[in-house]
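Take a look at the letters that make up each chain.
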Amino acid sequence: GFGAIDNGASAITTTGVITGGTLEATTDTAAGDNAAIGYTSAEGLILTGQGSTSDITLKNDADATVFTVPTGQDDILFPDGAKAMFGASSDLQISHNGSYSLIADSGTGNLILACQDFSLTNPAVGENMITAAVDGAVTLYHDNAAKIATTATGVDVTGVITTDGMTTSADINFGDNDKAVFGAGSDLQIYHDGSNSYISDEGTGDLNIRASDDLRLQVNSGGSFINSIICNDAAAVDLYHNNNLK
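A quick note: this is a predicted structure, and the numbers were derived from the prediction, not measured. (Residues numbered from 1 in each chain as written. Predicted model: local features only at pLDDT ≥ 70, side-chain atom pairs only at ≥ 80, totals over all residues. Heavy atoms only, no water.)

(A) Spotlight on a nonpolar patch on the surface. Where nonpolar side chains cluster on the molecular surface, the patch consists of Leu-140, Ile-148, Val-155, Val-157, Ile-161, Met-166, Ile-172 and Phe-174 and spans about 740 Å² of accessible area. Tracing the backbone through its elements, the reader meets Phe-174 in the loop between β12 (155–157) and β13 (180–182). (Patch = residues over 30% accessible without salt bridge, like charges linked within 9 Å, V, L, I, M, F, W, Y side chains within 5 Å. Areas by Shrake-Rupley, 256 points an atom, 1.4 Å probe, with all protein chains shown as cover. Salt bridge = Lys/Arg side-chain N within 4 Å of Asp/Glu carboxyl O. Helix = DSSP H or I, 4+ residues; strand = E, 2+ residues; numbered from the N terminus.)

Pasting the structure below:
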C-alpha cells in the first residue's frame, strides 16, 4: 500500500523476488559487483556480472542458454547449434554446429563481403588461401604459394597447368624456353628458345604430322611465305626452289 519508498542512499536487501512493472536504473555499476543493472548517459543500460565461467548468461524460457559473456572477456559465446540471425526473415545466419562453421544466406539477394582488401587465411593467419585487392589482383594460393592471379589483361599462372581439356578464343603466349608438353612422358614438346623454334619428339615412337589436304612447308622470304615442300592429297611430294616447282 505504499505510494513510494525513498530510503536515500541506503540499500534495500531481500532474499525474495522483486516484482514490478518497471525497474529503472539511474547510476553506473561498480567493478566487482556479483550482478548489477546500471545506467549511464553515454553507455545506456549496463549489465554486469562476475561468475567463475561466465559473467553474463542469457537464457530463454526453457532455461536453455542463448549466449554467454565468458568471465573477464569482452566476447559473446554462442553454444553449438545456436544462430546469430539478421534480417526480418532471418535471411543471414551465422552458426557453428560442433563440427563446422556456417555463414548461410537463405534470402533472394546476394551475400556481399565489402572491404578494402580481402584475405582468406588459415586459422593462425599465417598462410594465405585467397587474397583480393581493390583495383588489383585476385590471387589463389596453394600451401601459401601464389598459383593463379588475375591481371589487367587476363591471368598469371605460376606452375604447371593440368587439365582434361582446354578451349580458347585468343592466343596463348609462352615465354622463351616455356614448353607446351604432351603425353604422359612429356614426349612431344613445342617451344621457342629465344632464337629458334622446335617441335621435338623426345619419346621412342614416331613423330607423325597429318593433314586432311595438302601439307606445306613454307619459309619467310622478304616478308612473304613461299613454298619449300608440298605433300599433296595425291600422295605426291613437290619440292620447290625460290617458290618454283622442281
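(B) Looking closely at the pattern of salt bridges. Applying the stated criterion across every chain, the model contains two salt bridges. With its nearest N and O atoms 3.3 Å apart, the salt bridge here joins Lys-59 to Asp-63. Residue classification places Asp-63 among the exposed residues on the basis of a relative accessible area of 53%. Asp-214 is the salt-bridge partner of Arg-216, the closest N and O atoms lying 3.6 Å from each other. Of the residues examined, Asp-214 reaches a relative accessible area of 28% and is grouped as partly exposed. (Buried < 20%, exposed > 50% of the residue type's maximum accessible area, 1.4 Å probe, protein only.)

(C) Layout of the sheet that holds β12. Read across the open sheet, the five strands follow the order β8-β9-β10-β11-β12; overall the sheet is antiparallel. Among the strands making up the open sheet, the edge pair consists of β8 (117–121) and β12. In this sheet, adjacent strand axes meet at a mean angle of 15° when their direction is disregarded. Where β8 meets strand β9 (residues 128–133), five bridges bridge the pair, whose relative direction is antiparallel. Looking across to β9, one finds that Thr-121 is bridged to Asn-128. (Pairing = 2+ DSSP bridges. Axes fitted to C-alpha atoms, helices over the stretch in contact; angles between N-to-C directions.)

(D) Local environment of the pairing of β9. Turn length for the β8-β9 hairpin, with the two strands adjacent in sequence and antiparallel, is six residues, and the turn residue Val-125 shows positive phi of about 55°. Pairing of β9 with strand β10 (residues 138–142), which is carried by three bridges, proceeds in the antiparallel orientation. Each bridged residue has a counterpart across the sheet, and for Ile-130 the counterpart in β10 is Leu-140. What sits between β9 and β10 in their antiparallel hairpin is a turn of four residues, with Asp-135 showing a positive phi close to 60°.

(E) Representation of the side chain of Thr-68. With respect to the helices, strands and loops of the structure, Thr-68 is situated in strand β4 (residues 65–70). In this structure Thr-68 comes out as buried when scored by relative accessible area, which is 11%. Apart from residues no more than four positions distant in its own chain, Thr-68 is found in contact with Ser-54, Ile-56, Thr-57, Asp-75, Ile-76 and Leu-77. (Contact = heavy atoms within 4.5 Å.)

(F) Representation of the environment of Ser-101 within the structure. Checked against the element boundaries, Ser-101 lands in strand β7 (residues 101–105). Put simply, Ser-101 and Ser-52 are 49 residues apart on the chain and 27 Å apart in space, counted from C-alpha to C-alpha. If we skip the residues at most four places from it in the chain, Ser-101 touches Ser-95 and His-96.

(G) Seen up close, the layout of surface pockets. Counted as a void, the largest pocket has a volume near 920 Å³. Val-157, Ile-161, Met-166, Ile-172 and Phe-174 are the residues nearest the centre of the largest pocket, which is lined by 25 residues in total. Grouping the constituent residues of the lining of the largest pocket by class yields 10 nonpolar, 11 polar and four charged. Considered as a void within the structure, the second largest pocket measures approximately 440 Å³ in volume. Contributing to the lining of the second largest pocket are 14 residues, with Ile-12, Ile-18, Leu-23, Glu-24 and Ala-25 lying nearest its centre. (1 Å grid on protein atoms, 1.4 Å probe; cavity = no way out; pocket = protein on both sides within 12 Å on 5 of 7 lines; lining within 4 Å. Points joined across faces, edges and corners; volume = space filled by probe spheres on them. Nonpolar A, V, L, I, M, F, W, Y, C, P; charged D, E, K, R; others polar.)

Function cannot be read off these values alone, since they describe shape.
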